[in-house]
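Chain by chain, the residues:
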Amino acid sequence: MAGSLTHHGSPNPGYSTNNNAVPVPVITQTESRDKWSKKMDFLLSVIGFAVDLGNVWRFPYICYQNGGGAFLIPYILMAIFGGVPLFYMELALGQFHRTGAISIWKHICPIFKGIGYAICIIALYVSFYYNTIIAWALFYFYSSFSSILPWTNCDNVWNTPDCTNYFGMDNITWTNASRSPAEEFYTRNVLEIHKSSGLRDVGGVRWQLMLCLFLIFTIVYFSLWKGVKTSGKVWVDAAAQIFFSLGPGFGVLLALSSYNSFTNNCYRDAIVTSLVNCLTSFVSGFVIFTVLGYMAEMRQVEVEDVARDKGPSLLFITYPEAIANMMGSTFFAIIFFVMMITLGLDSTFGGLEAIITAVLDEYPDQFYHRRELFVLCLVVVCFLGSLSTLTNGGAYVVKLLEEFGVGCSIIAVGFLEAIAVSWFYGIHRFSNDVQAMLGKAPGLFWKVCWVAISPAFLAYIIVSSLLKAPPLALFDYKYPDWSIIVGYIVGLSSFIWVPIYMVYKLVWTPGSLKQVGGCVQSPETVSDAFSSNVTSASFSRVPCFPQRLAVCLRPERTIPDIHAENLNMATVP
């Protein structure tokens, strides 16, 4: 990940709070948080996270599956009314509150703090399979250093009688049993998936892939240990694709933007990153469609028979076949897989930095001065968690984690995040936070999207995906029913922390669940509270809630003291 931070001291700011009094912000003296040394570092880091391997394989497949060019209409609409507003919201939240995915909820709505823990667990699940895909790319990169690429012919030890080579040949008979050299290289040499009968028997660990993964995590560790320094059905699919592509809800945008200066133009960053992301998807789609059409013509079959498997298969079968047909194929194969590795690493850096920032901000006394040790432990956990994906049947595990480890869980987390910010924290308060940073409040379009359209768009994805879940399959393997149940348990294991923390917060917070606290008046925003011309209109009446619930819903910290210099406020010792 491109980027560097300038160190300015501990990230543990001091606040003054009193749950039994009117929540008036008090500024205390403290050291400021780390900041990006250059604006371009932040922008490249966010783009590096948003533009990942999914842009190369997921968008083209879904686009083709849903009618090609016709798919662009719902995709663009979902981007405008759902994805980009949520992307903008997360950048603004992280930049204003300047803290990670866990501790930020003390500023917004404490009872939703479980969202932060859920985000960290989901990020762990992603690291268990995503880095394995990068390891596959590294294996291909090593294999590309050959005068003849190993996936261009059927003369290798891993090939079977079904291998059919159509490179430079005419009158090729392609049957349902036929397999291209690139497909057999991927399935029988890289994965060795033929040695596994399924999830009940995944086989042994592939030492070659384990070595590749070890190298990947070594790069990850030395990039992160000191900080972020180097580092209908159609509508459902359109909504899901834009959400997973831009990445709101993963905590990465909160983490990266928390290191921005207070007055950074996060609105422009959101627009630029979204455009780059979507354009990258479009270009990948054009390339894939061209290659699939050529492969279908050479095999004399339909395009859908070429793109039989969704996911990384497009990345490791279709693209290598296309490269093998080019002049200077060895050179272009090396360049292509270097690109794949860097795309994957950028997203990995972002995902793990989300966990690191969240934990260090929440537990600064325990971990802040032990960052190197914490990052090492995190990388070791991720490596051990990835071992099952390095077996002969590891591709089956990757598919299961991809579908259920993230899937509905991250969308549900994003939905709750949008609800908590827009409805509980308050759209007016949030809009004024943005105005304090940018000098201009968000327009009506953004407010409507944040309050209604974006939450509705996420709720639609959740309901539709649960009601119309397609059968899970990879290559010729159909996932058994028990594995689907395991998948749902994995998905629930992250989201379950949201209600668990809500119950914990209600139980351990002082006060009565029956006695209704007095309705107090509190400043709606920081700018109102400290403005020189405060009037009664600057205050809004807080609804009456039971005492304990009111405390759980009310932000524990009204204003980060680290913004005192930005708002021209005097600090108090």
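Please read these numbers as outputs of a predicted model, since none were measured by experiment.

Reading the values: rules and limits
Residues numbered from 1 in each chain as written. Predicted model: local features only at pLDDT ≥ 70, side-chain atom pairs only at ≥ 80, totals over all residues. Heavy atoms only, no water. Helix = DSSP H or I, 4+ residues; strand = E, 2+ residues; numbered from the N terminus. UniProt positions renumbered as here; feature names shortened; annotations may be inferred. Buried < 20%, exposed > 50% of the residue type's maximum accessible area, 1.4 Å probe, protein only. Contact = heavy atoms within 4.5 Å. Polar contact = N/O pair within 3.5 Å; in protein donor to acceptor, adjacent residues only side chain to side chain. Disulfide = S-S within 2.5 Å.

Participant: Go over unusual backbone geometry, please, and point to the residues and values.
Facilitator: Within the chain, glutamate 192 stands out as a residue other than glycine whose phi angle is a positive 55°. Relative to the helices and strands, glutamate 192 is located in the loop between α6 (181–190) and α7 (207–224). Of note in the backbone geometry, phenylalanine 475 takes a positive phi value of approximately 55° without being a glycine. Tracing the chain through its elements places phenylalanine 475 in the loop between β3 (473–474) and β4 (477–478).

Participant: So what's going on with the UniProt feature "binding site: Na(+)" (unreviewed entry) in the protein? Residues and values would help.
Facilitator: Using the residue numbers shown here, the UniProt feature "binding site: Na(+)" (unreviewed entry) corresponds to Gly48, Ala50, Val51, Asn55, Ser245, Asn277, Leu343, Asp346 and Ser347. Within the secondary structure, serine 245 sits in helix α8 (residues 233–246). The exposure class assigned to serine 245 is buried, which follows from its relative accessible area of 5%. Beyond its immediate sequence surroundings of up to four residues, serine 245 is in contact with Ala50, Asn55, Asn277 and Ser281. For asparagine 277, a relative accessible area of 0% gives the class buried. In terms of polar contacts, asparagine 277 uses its side chain to reach the backbone carbonyl oxygen of alanine 50, at 2.8 Å.

Participant: Quick one: what's the story with the state of the cysteines, residue by residue and with numbers?
Facilitator: Inspection of the entire model under this criterion finds one disulfide. Note that cysteine 154 is cross-linked by a disulfide to cysteine 163, the S-S spacing being 2.0 Å. Here cysteine 154 and cysteine 163 share a disulfide; its torsion about the S-S bond, -75°, makes the bridge left-handed. On the accessibility criterion, cysteine 163 (11% relative accessible area) is buried.

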